[in-house]
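# Commentary on secondary and tertiary structure
Given next are the chains, with one letter for each unit.
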Amino acid sequence: MRTGDHASAAPLRVSAALGNMGEADWPTTLAAAQIDVLHLDAAETQRSRFRKRTESGLDVAIALDRGVQLHDGDVLHFDRNAGTAVVARVDLGDVLVIDLSSLLDQPVESLLSRCIEVGHAVGSQHWPAVVRASHVYVPLAVTKDAMEAVLEAHRIEGVSWWFARGAEVLPELAPQQARLLFAGSAGQSHHRAEPGTAEAK
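Report on the accompanying structure. Remember, it's a predicted structure, so these values are computed and weren't measured experimentally.

### Things to note about the pairing of strand S6 (residues 74-79)
- In this sheet, S6 lies alongside strand S2 (residues 19-20) in antiparallel orientation, the contact comprising two bridges. Note on S6: the bridge partner recorded for Asn20 is Asp74.
- Sheet topology note: the S6/strand S7 (residues 84-90) ladder contains four bridges and is antiparallel. If you follow Asp79 over to S7, its bridge partner there is Thr84.
- Where S6 folds back on S7, the antiparallel hairpin that results is connected by four residues, among which Gly83 adopts a positive phi of roughly 70°.

### Some words on the packing of aromatic side chains
- Applying the stated criterion across every chain yields a total of one aromatic pair.
- Consider the rings of Trp26 and Phe78, whose centres lie 6.0 Å apart with planes at 85°: the pair is edge-to-face. Here Trp26, found in helix H1 (residues 25-29), pairs with Phe78, found in strand S6; they are 52 residues apart in sequence, far enough to count as distant.
- A residue is classified by how much of its surface remains accessible, and Trp26, at 15% relative accessible area, is buried.
- Of the residues examined, Phe78 reaches a relative accessible area of 19% and is grouped as buried.

### Comments concerning the sheet that holds strand S4 (residues 49-53)
- In spatial order, the strands read S1-S5-S4; together these three strands make up an open sheet with mixed pairing. Of all the strands in the sheet, the pair left with one neighbour each is strand S1 (12-14) and S4. Along the sheet, successive strands turn relative to each other by an average axial angle of 20°, direction set aside.
- Taken together, the five bridges between S4 and strand S5 (residues 59-63) define a ladder with antiparallel strand orientation. Residue pairing for S5: Lys52 is matched across the bridge by Val60.

### A closer look at helix H4 (residues 144-154)
- Turning to H4, its buried residues number three or more, namely Met147, Val150 and Leu151. The arc that holds every buried residue of H4, seen down its axis, measures 90°, which confines them to one face. Of the exposed residues in H4, those oriented more than 90 degrees away from the buried face are Asp145 and Ala153.
- At the exit of H4 stands Arg155, carrying a positive phi of roughly 50°.

### Regarding the sheet that holds S2
- Ordered by their spatial adjacency, four strands build an open sheet running S2-S6-S7-S3, and the pairing between neighbours is mixed. The sheet terminates laterally at S2 and strand S3 (34-40), the two strands that pair on one side only.

### Side note on unusual backbone geometry
- Although it is not a glycine, Ala133 adopts a positive phi angle of roughly 55°.
- Look at Arg155: it is not a glycine, yet its phi comes out positive at around 50°.
- Along the chain, Arg155 falls in the loop between H4 and strand S11 (160-165).
- Note on Arg155: relative accessible area 72%, which makes it exposed.

About the criteria used
Residues numbered from 1 in each chain as written. Predicted model: local features only at pLDDT ≥ 70, side-chain atom pairs only at ≥ 80, totals over all residues. Heavy atoms only, no water. Pairing = 2+ DSSP bridges. Helix = DSSP H or I, 4+ residues; strand = E, 2+ residues; numbered from the N terminus. Phe/Tyr/Trp six-rings, centres within 6.5 Å; stacked < 30°, edge-to-face > 60°. Buried < 20%, exposed > 50% of the residue type's maximum accessible area, 1.4 Å probe, protein only. Axes fitted to C-alpha atoms, helices over the stretch in contact; angles between N-to-C directions. Arc of directions from axis to C-beta.

Below is the structure:
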């Protein structure tokens, strides 16, 4: 389908996802289908009602139940006879994941010291961050090499880190945490820190 083919068509109304491409049956079901992608950012995954066009120009009207969120790979529409489908793709950048889990069995004094060191390393760069369980999530503020260099310079014992896709991290976060973490991807400039979050000023 080409952009503009749907210019005069009624919007596709979506009240719930039919399933997700990560589920066993859907990749096989859609193997021969022509897939139209609806690109979403982090802010849109937190909204229950909005309208947006797919890659081909199809107008999609989202109206979800309260508390329901769209996720990367959600199948929003499937027409078996026409061999077409609409799939949501969450466009988020990578995230730095700092793992504190190995510190949990250390003495309290050591645990507090290492956590303060992590807070100093992140805060001194004015990077936004959210904490979920024993992990700290930091959006890419600069290059991966530059962020790794900052952590390596602090040499925080017992702390490891890696980079993960934002779409993989998103399901682990509360809505207010997602809004803070992916503020840049969502095109928003200011977010108030909520309980369970940390934002360097």
